[in-house]
Amino acid sequence: MEFWGVNEGSSHYGLAGFHQSGSEIVASVGVIVSLIFVGYQMRQNTSQLVRNEHNSTMTQWSTVRMALVENRDVAEIWRRGLHGERELDATDQFRLESLLAEQLWCAYHVWERTRRGILTEGTFQQAVAPLAPAWLSTPRGAPWWSTAKRNYPPLFVADVDAALTKFGGAAG
């Protein structure tokens, strides 16, 4: 016998089968809506993580910049030391090399975060690479870089050396 187009031997018999199918459709729509919402939330969280990482990078670099701005002695060592305008005693040479290391460490973090996709593609090449010759193509910066580069990954060294060549310095 047939009832509403369903045979008696069928597992969906009559109105009960019709309601069961309707419930499955509603449940499926609910799952799809939930997945869309979860995807949206993940995208929002990812955007926030990227923003936090960018802010962290800028905070790290601001510490170095503010040391130069707030302390005249540090700024003098940086400016005159890099350009060989005065002799540096052992302490000032150490301070200059520490500043160079901090600048390059910050540059490395921008480079590394850019490579991992945390910062926008091209951030290192556009925001950091043009600055590198101001530190690393100077009378004291170039010799420091020639020995310090062994402490960094080869791909980073290659990108810094390319920046020195492109933006006005030799890739010592």
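For the structure, see preceding data.
Residues numbered from 1 in each chain as written. Predicted model: local features only at pLDDT ≥ 70, side-chain atom pairs only at ≥ 80, totals over all residues. Heavy atoms only, no water.

Undergrad: So what's going on with the overall build of the protein? Residues and values would help.
TA: For the protein, the count of helices and strands is 7 helices and 2 strands. Counting helices and strands in the order they occur from the N terminus, the protein gives β-β-α-α-α-α-α-α-α. Counting only residues that meet the buried cut, the protein has 31% of its 172 residues in that class. Expressed as a percentage of contacts within the protein between residues at least 6 apart in sequence, the contacts between residues at least 24 apart total 58%. For the protein, the accessible area works out to roughly 11,100 Å², and carbon and sulfur atoms hold 58% of it. (Helix = DSSP H or I, 4+ residues; strand = E, 2+ residues; numbered from the N terminus. Buried < 20%, exposed > 50% of the residue type's maximum accessible area, 1.4 Å probe, protein only. Contact = heavy atoms within 4.5 Å. Areas by Shrake-Rupley, 256 points an atom, 1.4 Å probe, with all protein chains shown as cover.)

Undergrad: Got a sec to walk through the packing of helix α3 (residues 90–115) against helix α6 (residues 141–148)? Specific residues and values, please.
TA: Running from N to C, α3 and α6 cross one another at 60 degrees; their axes reach a closest spacing of 11 Å. Of the two elements, α3 crosses α6, and the hand of that crossing is right-handed. On α6, the residues touching Glu-97, Leu-100, Ala-101 and Leu-104 of α3 are Gly-141, Trp-144 and Trp-145. (Axes fitted to C-alpha atoms, helices over the stretch in contact; angles between N-to-C directions. Left-handed = near helix turned anticlockwise from the far one by under 90°.)

Undergrad: Talk me through the layout of surface pockets; I want residue IDs and the actual numbers.
TA: Of the pockets and cavities examined, the largest pocket occupies roughly 210 Å³. Elements represented by at least two residues in the lining of the largest pocket include exactly α1 (14–70), α3, α4 (123–128) and α5 (132–136). With 4 residues, the single largest contributor to the lining of the largest pocket is α1. (1 Å grid on protein atoms, 1.4 Å probe; cavity = no way out; pocket = protein on both sides within 12 Å on 5 of 7 lines; lining within 4 Å. Points joined across faces, edges and corners; volume = space filled by probe spheres on them.)

Undergrad: Outline empty space enclosed by the protein, listing residues and values.
TA: For the structure on display, the rule yields 1 cavity of 30 Å³ or more. Of the volumes computed, that of the largest cavity is approximately 30 Å³. Taken together, Leu-104, Ala-107, Phe-124, Val-128, Ala-129, Ala-132, Trp-135, Val-160 and Ala-163 make up the lining of the largest cavity. Put simply, the parts of the chain that give the lining of the largest cavity at least two residues each are α3, α4, α5 and α7 (154–166). Taken together, the residues that form the lining of the largest cavity break down as 9 nonpolar, no polar and no charged. (Nonpolar A, V, L, I, M, F, W, Y, C, P; charged D, E, K, R; others polar.)

Undergrad: Before we move on, can you summarise the environment of Trp-111 with the specific residues and values?
TA: By the element assignment, Trp-111 lies in helix α3. Residues Trp-111 and Val-160 lie 49 residues apart in sequence; the distance between their C-alpha atoms is 9.5 Å. Sequence-distant contacts of Trp-111, that is, excluding residues within four places in its chain, are made with Phe-124, Leu-155, Phe-156 and Asp-159.

Undergrad: Tell me about the nonpolar core, and please be specific about residues and values.
TA: Counting 33 residues, the largest nonpolar core has Leu-104, Phe-124, Leu-136, Trp-145 and Phe-156 as its most contacted members. Of all the secondary-structure elements, those providing two or more residues to this core are α1, α2 (72–82), α3, α4, α5, α6 and α7. With residues near it in sequence (within four places) discarded, Trp-145 still touches Leu-104, Leu-136, Tyr-152, Phe-156, Val-157, Val-160, Asp-161 and Leu-164. (Core = buried A, V, L, I, M, F, W, Y, C linked by side-chain atoms within 4.5 Å.)

Undergrad: Run through the packing of α2 against α3, naming residues and quoting values.
TA: Between α2 and α3, the least distance of the axes is 10 Å, while the angle of their chain directions is 85 degrees. As summarised for this structure, α2 and α3 are arranged roughly perpendicular, according to the angle between their axes. Residues Asp-73, Val-74, Ile-77, Trp-78, Gly-81 and Leu-82 of α2 touch α3, and the partners they reach there are Asp-92, Arg-95, Leu-96, Leu-99, Leu-100 and Gln-103. Within the contact of α2 with α3, the residues separate by chemical class into 7 nonpolar, 2 polar and 3 charged. (Parallel < 35°, antiparallel > 145°, perpendicular 65-115°, else oblique.)

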